[in-house]
Each structure stands twice: as structure tokens, then as C-alpha cells.
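Fold and contact review
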Amino acid sequence: LLSSTLVVENSVKLAELFQINQTIIGIFILGIGTGLPEFSVMVMSIRQKTMSLSLGDLLGSNIVDILLATGLGGIISEFVVDKNLILFDIPFLFVVTLITLLFFYYKQNLTRRDGVILFLLFIGYAIIKIGYVG
């Protein structure tokens, strides 16, 4: 709880300091920070040839983040969702999830080419989010 409090307080200060939307800080700085453990598990599972563990971790963490964390957050305190999240970020999440699902469904694996496509989608998302949607 202490570290979470520090992260939230400092994230708000950072957004105010740079005069940017708190959502940008949440998506990029906190989102990448919370994604690093999954990336570490991915690297280790590649080394140990246990990709199912890595994929389970990625899917599990996303399901937990969306359902458990958001659900419990809503139970504890109602919150207002920024219009840009509803109009851009959440639809983008659905589209990218569908693309990833199609990669897995049709090929039963994820190739380097698929990884490059997903990475470029993230870069495109970041450019659009920071440059236009904010």
C-alpha cells in the first residue's frame, strides 16, 4: 500500500509538472512499469523453453488487471472514465486483442513477424495517443 501510494502521488505530480493528461502517465509510465515483470517472465520462459507459462502469465495478468483490479476499484469507489479512453483506448485494446487472437487461432503460434506487427501497433498507438488523443 505504501509503494502504491507513492506511485500514485508521484504520477500525479509528474503529470502536473509536464502539464499532460494523467492517462498518458498511467498508460505509458505505469503501464510499462507494471508490464516489466511479464516481460521478464517472457524472457526467462523463452530461455527455458516454457512458452506456455509465459503466455499464461501474460493472459492472466491482463485478465486480472481488467476484471479484478477494475472491478474491485469500482466496488471500493466509483470513478469517472475519461471520454478518450472510451472512444480510443478501449476500442484499440479490443482491436489489438482480436489481432493477437487471430495470430494464435490461425497459426497456433506467434512468429517474429507477428511480434514486429504487435510492437509497431504499440508504437503507432503511442504516437497517436501522445500526439492527438492525449
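Computed from a predicted model, the values in this text were never measured in an experiment.

Turning our attention to the pattern of salt bridges. All told, the structure shown has three salt bridges when counted by the stated rule. The partner of D114 in a salt bridge is K107, with the nearest N and O atoms 2.6 Å apart. Residue classification places D114 among the buried residues on the basis of a relative accessible area of 0%. By relative accessible area, K107 is classed as partly exposed at 34%. Measuring nitrogen to oxygen at the nearest pair gives 3.7 Å for the salt bridge that ties D114 to R113. Within the structure, one salt-bridge network assembled from shared partners comprises K107, R113 and D114.

What follows deals with the packing of aromatic side chains. The final tally for this structure, using the stated rule, is six aromatic pairs. Ring geometry for F92 versus Y125: centroids 4.8 Å apart, planes at 35 degrees, classification tilted. Of this pair, F92 sits in helix α4 (residues 83-107) while Y125 sits in helix α5 (residues 112-133), and the two are 33 residues apart along the sequence. Under the relative-accessibility criterion, F92 is labelled partly exposed at 22%. Under the relative-accessibility criterion, Y125 is labelled buried at 9%. Taken together, a centroid distance of 5.1 Å and an interplanar angle of 85 degrees make the contact between Y105 and Y106 edge-to-face. You can call Y106 exposed: its relative accessible area is 62%.

Bringing helix α2 (residues 22-47) into the picture now. Each turn of an α-helix holds 3.6 residues, which means side chains three or four residues apart point in the same direction. Taking 1.5 Å of rise per residue, 26 residues should cover 38 Å, and α2 covers 36 Å from first to last C-alpha, within 8% of that figure. By the largest-angle criterion, G31 marks the main kink of α2, which is about 35 degrees. Every buried residue of α2 is accounted for by T23, I24, I25, F28, E38 and S45. Where α2 begins, the side chain of N21 points an oxygen toward the backbone nitrogen of T23, at a separation of 2.7 Å.

What counts and how
Residues numbered from 1 in each chain as written. Predicted model: local features only at pLDDT ≥ 70, side-chain atom pairs only at ≥ 80, totals over all residues. Heavy atoms only, no water. Salt bridge = Lys/Arg side-chain N within 4 Å of Asp/Glu carboxyl O. Buried < 20%, exposed > 50% of the residue type's maximum accessible area, 1.4 Å probe, protein only. Phe/Tyr/Trp six-rings, centres within 6.5 Å; stacked < 30°, edge-to-face > 60°. Helix = DSSP H or I, 4+ residues; strand = E, 2+ residues; numbered from the N terminus. Expected span 1.5 Å × (residues − 1). Bend = angle between axes of the 7 residues up to and from the residue. Polar contact = N/O pair within 3.5 Å; in protein donor to acceptor, adjacent residues only side chain to side chain.

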